[in-house]
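# Close look at the chain arrangement
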Amino acid sequence: MRTKRLFLSFTLLLAAGVAFTFLTSMSNNADVILKSKNSIKNFLKNHSTISEIFFDIEAPKDGNGKVNTTSGHKVKKSPATQMNWTEMGPSNVGGRTRAVVIDKDNQNLIIAGSVGGGIWKSTTGGLSWVKIAGNDLLDNMIISSMCQASNGDIYAGTGEYFNLNNKLGFRGQGIWKSTDHGETWTHLTSTWNSSDDSKNIFYYVSKIAIHPTNTNKIYAATAKGLMLSTDGGTTWANTIAGDANADSVCTDVQVSKDGLVVIAALARKAYVCNTGDDSFKNISDKVTPVDSIPTDVRRIEFAIAPSNSNYIYCLAADNAGALKNVYQSTDKGNTFTKMLASINSQFLPFGEDKYGRYNNVIAVFPDDPEHLLLGGYDLFEYTTANPWQQVSTGLLNFTNQKYVHSGIHTIVFAPNYSATNKVIYLGTDGGVFSSADAALTWSQKNKNYNTTIFNSVSYSINGMVIGGTQNNGTEIIPLTGTHVTDAFKIYGGNGGHCEFSQLNPYMIFATTSFGKLIRSNDGGGTFETDNTKLISKNITDANTNIGTSTHPFVTPIRLWETFYDPGSWLYWLAKAPETLYLGDTLSIFSQCGRELKHIINLTDLNGRDSLRKSDTVVVQDTYQSVLAIGYSGNNATSPNGSIWITRFSLLQSMSPPIWYRISKLTTVKEIQNIEFSKDGDHLFFSDYNATTGVSKIYRCSNINSAKDSATCASNSSQQVITTTEIGNFDHKITGIAIDPQNANNVVLTLGGYTSTDYIYYSFNAATTTSSVTADNFASRQSSSLPAMPIYSAIVNWNNSLVVIIGTESGVYTTDDITVASPTWEKQTAFPNVPVIQLRQQIHPNGWYVLPVVDGGFNSNIENHGVIYAATAGRGIYRCEDFRGPVSVPEIVENKSNSLQIVVYPNPVKDQASVSFNLNKRSDVIFKIYDLSGNVVKTISSKNQDAGNHSLEFDTYGLSAGTYIASMESNGTKSTTKFVVY
């Protein structure tokens, strides 16, 4: 089955009828049908979306008609100065929202609190949103609860205690308060200071409730008990002090409309005060619990009927996260009875995955004490006449009036709800929704509400981005929507790591929760989801339980690619379409769909003067890729974590491709991160042992020498890939960054909240044989970097000293990672949001002038050096301050260019090569001229054979600018231009 997506359409890269033959065991495949260069070029020129990828685009020229080699190249700056960031969106996709307030005096004024995205407001009833003033610079943006007092003051609690998979979420930093209807906010220092225990109490504020007539009386459900303030938040005290559970986690508190009843969830038990004197009793620990809420629960949530405080309801999830029951009290919480005589297997308010700990909310209609809404995975309505009717679903098209995004966290009725004003708002995993007809129909309210939580980001050659999100699927921002910040969902569920191919820009790889890997060949229009053709199907001993919690929730993948690999072992067998002579050029397609050019040489002719039509030619495929994925062991056969690779992920005719397990160490647990060195020869990965809390870092080497099952597979005696443990840490490794210029330089980032060191650096990671952490890694924490979780890092592409990190509170940079105590600079232009993944485009822009014919080819890469940041609550950002130079087509002074001279890379920094082709044995003289005509370098090469050649040269001593390369042989002279920067 191929799941259809209708928002984009793409032209397939491969021309009809073109097939491949791989010269190994796949000899049963059809031969390549070789077409001449001109016929392919003409065919593709009639398909503009393809020709723009493969063929020459005129180089930009200045006013004098000269080629502009610096267009778009920005001067590189030191990260110690402030970086410039562009918010990419999405502006049409809402993220996880646990708090919504409808202003008591203005029903069109809505305040929403996003988990990670901070505080937002709408003055149009949710039709559009803006960030509140100073939102991005709030000390903490993990908003989990909000409440408005009768005088209009609003309180916002931070820290998400209920995260996915029974895990804790990001910590908060206490409570904020607004006295001007949400315009400005003040941090309550009583909830976050160093003089008392507040930092241990208020880092998870799951719920806030305020007395209806005494606006100074505030209850807060915190990480260490039910806290009470009687002076508007200036001071706090534990209101259930002396109880055995007093300092336990409190997750809910509700106050009745008359202020006489308060009920709280403390230590997963119900505590009630219905006497108005804050004297609480535990009603869950009754000796005869027939009329009480049970204690074998994972989460309980309460609602008090606004119209009658005798009625209190409890929604309970069992220890597995499934529905335990719904309980009702009609005597102010003294006793509770079950509302369901038995649990129906068809009634799954928390979904099949049993997410009752994560999404769990119940509310009572203001005008009827026995009219309820229950929210979990979807929304259900209860009346005595029609109990538990589903009134929304996340499975419908988002334009359907019954559509509400799955994962419902809060239900809020309009303050003046009535028969003529039936307004309700929901906070969900997909942002804000509202109903104007008492839950009959729903509409999204997410315009400009940029609060999406991303787990990952990947970029295309022209700057489009995709990312895996929390419960919003895999989203693509194509930069072509109604607004350039619009995103489109290309696959559902929880999105993990994903990749855009740089070789084939229409090839996308995505993962969903717990290990499912899917591939799209048309830019996300469709994905291969048929289990018989699933790209990961041949990952044999890891595939049994893919999609279950035995694998990482966010499955790591990485795609390594190169536009030119002269050592490629992959060849295609092609048939000549016509008579071909020495030096003729022919073209076929590589496995990735790009054009391969081949010059007929003496080896091809094998003593003949020409090739006849249908004679075979062996063509090296110099485009190469390796896709890697990390799994966890899940059975007796494969109890350990494993790394798998395939070299055929871009070959559409192989579905599914061949995979090899390359790691065989028995110490590997759940794989968390994967990163390739720039040359693809090393793969670093980290695991995590949830039992011990230990993360280890490993290195796989010699990947470029592994060509087949014998040299790749871990169960082969001929395997050449080695796997080495090079360090272990007592916190989870969250990110691996490898210096693009030197794979020995590796940065590790760590998570968790109880450490003092969160970043480590190695200068020997690619070569060490030691497993002793201290031999290989040293801390790079310093006083300028707060002790907080760090999730990602990059080493800047052209400066090995510069490191940029994504932390729990935005982005920090250093100009010298090699010193023992680096100076870390906070990037204040970036919001104080958790930055889950940083990535940088390290492929150079534009033209690859390598030893191929016709002066190279255009990769169409436009974003070299651009940095992309995936955040947990503020979407995706990019920074263009460190863009690489713009490459241009080679300028051939004599049109014949019979020597086929090319300089690569172009532009050049320090080292370069010049390639050329000789039709017969001869001497060669290579000279470099500056634009004044002065010879600045000369290289002579004697008695060279016919065929392709290359010479290396350095540009030391040459100032930045344009130069002319000249080559002479047998009276023929060819020239070209190149740029030194």
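Keep in mind that what you see is a predicted model, and the values were worked out from it rather than measured.

## As for the sheet that holds strand β54 (residues 722–729)
Spatially, the 4 strands line up as an open sheet ordered β51-β52-β53-β54, and their pairing is antiparallel. Single-partner strands in this sheet number two, and they are β51 (670–676) and β54. This sheet shows a mean twist of 20 degrees between the axes of neighbouring strands, independent of strand direction. In this sheet, strand β53 (residues 695–701) lies alongside strand β52 (residues 683–688) in antiparallel orientation, the contact comprising 4 bridges. Bridge pairing links leucine 683 to cysteine 700 in β53.

## Quick word on the pairing of strand β49 (residues 642–646)
The element β49 is extensively covered by neighbouring structure, given that 5 of its 5 residues are classed as buried. Burial of β49 is two-sided: the residues Ser642, Trp644 and Thr646 facing one way and the residues Ile643 and Ile645 facing the other way are all buried. Here 5 bridges tie strand β48 (residues 624–631) to β49, and the two strands are oriented antiparallel to one another. By the bridge assignment, alanine 628 is partnered in β49 with isoleucine 645. Pairing geometry for β49 and strand β50 (residues 660–661), over 2 bridges, is antiparallel. Opposite isoleucine 645, over in β50, you have tyrosine 660 as the bridge partner.

## Focus on the pattern of salt bridges
A complete count under the given rule lists 24 salt bridges for this structure. Arginine 874 is paired through a salt bridge with glutamate 87; the nearest N and O atoms lie 3.0 Å apart. Taken together, the positions of arginine 874 in the loop between β66 (867–871) and β67 (876–879) and glutamate 87 in strand β4 (residues 86–89) put the pair 787 residues apart, joining distant regions of the chain. The partly exposed category is assigned to glutamate 87, whose relative accessible area is 31%. For arginine 921, the salt bridge goes to aspartate 945, with nearest N and O atoms at 2.5 Å. Here the residue arginine 921 occupies a position in the loop between β69 (911–918) and β70 (922–929), and aspartate 945 occupies one in the loop between β71 (935–944) and β72 (947–954), the gap between them amounting to 24 residues. Classification of arginine 921 by relative accessible area gives partly exposed; the value is 49%.

## A look at the packing of aromatic side chains
Summed over the entire model, instances satisfying the criterion amount to 26 aromatic pairs. Taking the centre distance of 5.2 Å and the plane angle of 20 degrees together, the rings of tyrosine 459 and tyrosine 868 count as stacked. In this pair, tyrosine 459 is assigned in strand β33 (residues 458–459) and tyrosine 868 in strand β66, connecting sequence segments 409 residues apart. For tyrosine 459, a relative accessible area of 8% gives the class buried. Relative accessible area serves as the criterion here: at 1%, tyrosine 868 is assigned to the buried category. Ring-pair connections join several aromatic residues into one group, and the members of that group are Tyr161, Phe162, Tyr203 and Tyr204. One Lys or Arg, arginine 171, reaches over the ring of tyrosine 203 and ends 4.1 Å from the middle of that ring. Across from the ring centre of tyrosine 161, 5.2 Å away, lies the NZ or CZ of arginine 357, which sits over that ring.

## Brief notes about the environment of alanine 270
Within the fold, alanine 270 resides in strand β19 (residues 269–273). Separated by 25 residues in the primary sequence, alanine 270 and threonine 295 have C-alpha atoms spaced 8.9 Å apart. In this structure, alanine 270 is in contact with Ala264, Lys281, Asn282, Ile283, Ser284, Ile293, Ile300 and Phe302, ignoring residues within four places of it in sequence.

## Brief notes about the confidence of the model for the protein
Of the residues in the protein, 87% have a pLDDT of 70 or more, and the chain-wide mean is 86. With pLDDT under 50 throughout, residues 890–897 is counted as low confidence; its partners more than four residues away or in other chains account for 19 contacts.

## With respect to the side chain of asparagine 796
Structurally, asparagine 796 can be placed in the loop between β59 (790–795) and β60 (803–807). When residues no more than four places from it in sequence are discounted, the contact partners of asparagine 796 are Pro740, Val802, Gln840 and Phe882.

## Structural notes on the sheet that holds strand β14 (residues 218–222)
Read from one edge to the other, the open sheet built from 4 strands follows the order β13-β14-β15-β16, with strand pairing classed as antiparallel. Each of the sheet's edge strands pairs with one partner strand only, and the pair in question is β13 (207–210) and β16 (237–238). Of the strand pairs in this sheet, strand β15 (residues 225–229) and β16 are connected by 2 bridges, and their pairing is antiparallel. Bridge pairing in β16 links leucine 228 to alanine 237.

## Here we look at the pairing of strand β21 (residues 297–304)
Most of β21 sits out of view: 8 of its 8 residues are buried. Pairing of β21 with strand β22 (residues 312–318) involves 7 bridges; the strand directions are antiparallel. Considered in β22, the bridge of glutamate 301 is made with leucine 315.

Scoring rules and cut-offs
Residues numbered from 1 in each chain as written. Predicted model: local features only at pLDDT ≥ 70, side-chain atom pairs only at ≥ 80, totals over all residues. Heavy atoms only, no water. Pairing = 2+ DSSP bridges. Helix = DSSP H or I, 4+ residues; strand = E, 2+ residues; numbered from the N terminus. Axes fitted to C-alpha atoms, helices over the stretch in contact; angles between N-to-C directions. Buried < 20%, exposed > 50% of the residue type's maximum accessible area, 1.4 Å probe, protein only. Salt bridge = Lys/Arg side-chain N within 4 Å of Asp/Glu carboxyl O. Phe/Tyr/Trp six-rings, centres within 6.5 Å; stacked < 30°, edge-to-face > 60°. Lys NZ or Arg CZ within 6 Å of the ring centre and 35° of its normal. Contact = heavy atoms within 4.5 Å. pLDDT = per-residue confidence, 0-100.

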